[in-house]
Amino acid sequence: MALVLHRLRSGLIYSQAFADYLESKHNIERLGHQGDVLHLDYVRCGQGDLSGQEWWQLMWISGWQAPTEHRHQIGDVEVYIPKQAMRGLKNRMLHFDGQNVVVKR
C-alpha cells in the first residue's frame, strides 16, 4: 500500500493515514464537544537536558480560544495548531502507523 502524503501551505506534511485517524477521533468525540475545535500541539526541545526529545498532543479546546488564522484543514477536520507548534512541525510529517501517531523528519 502506497503512502499518500499531503502538505499544508505552512509546510506541515501529513499522511492520509493521519488524516483518517483525525477524522475518526473527531467523529467519535465531537458530540461531547459542541463549539470546540481539535487542538494539535507539538514541542521539540532544542537544547538542555531534554535536547532532541519531542512531544505532541491532541485535545479539544473552545472555539473561542482558537484563532481562525491558526486553524488548518487536515482532511475533513478543522484543527487549531498554534504558531509555535506549526514552526516545530514545518517540514515534518505526521503519520498514524495503525497504533500511534508519529512525527517523522
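As a reminder, the structure under discussion sits directly above these lines.
Residues numbered from 1 in each chain as written. Predicted model: local features only at pLDDT ≥ 70, side-chain atom pairs only at ≥ 80, totals over all residues. Heavy atoms only, no water.

## Regarding the pairing of strand 8 (residues 101–104)
- Of the two faces of strand 8, only the one carrying Val 101 and Val 103 is buried; Val 102 and Lys 104 on the other face are not.
- Bridge analysis of strand 7 (residues 93–96) against strand 8 gives four bridges, and the strand direction is antiparallel. Pairing of Met 93 across the sheet is with Lys 104, part of strand 8.
- The antiparallel hairpin formed by strand 7 and strand 8 contains four residues in its connecting segment, where Gly 98 sits at a positive phi of about 105 degrees. (Buried < 20%, exposed > 50% of the residue type's maximum accessible area, 1.4 Å probe, protein only. Helix = DSSP H or I, 4+ residues; strand = E, 2+ residues; numbered from the N terminus. Pairing = 2+ DSSP bridges.)

## What to know about the sheet that holds strand 6 (residues 77–80)
- Ordered by their spatial adjacency, four strands build an open sheet running 4-3-6-5, and the pairing between neighbours is mixed. Two strands bound the open sheet, and with one partner strand each, they are strand 4 (54–62) and strand 5 (71–74). In this sheet, adjacent strand axes meet at a mean angle of 35 degrees when their direction is disregarded.
- The pairing of strand 5 with strand 6 spans four bridges and is classified as antiparallel. Within strand 6, the position partnered with Arg 71 by the bridge is Tyr 80.
- In the packing of helix 1 (residues 16–29) onto the sheet, the strands contacted are strand 3 (36–44), strand 4, strand 5 and strand 6, and the crossing angle to strand 4 comes to about 35 degrees. (Axes fitted to C-alpha atoms, helices over the stretch in contact; angles between N-to-C directions. Contact = heavy atoms within 4.5 Å.)

Just geometry here; none of it tells us what the structure is for.
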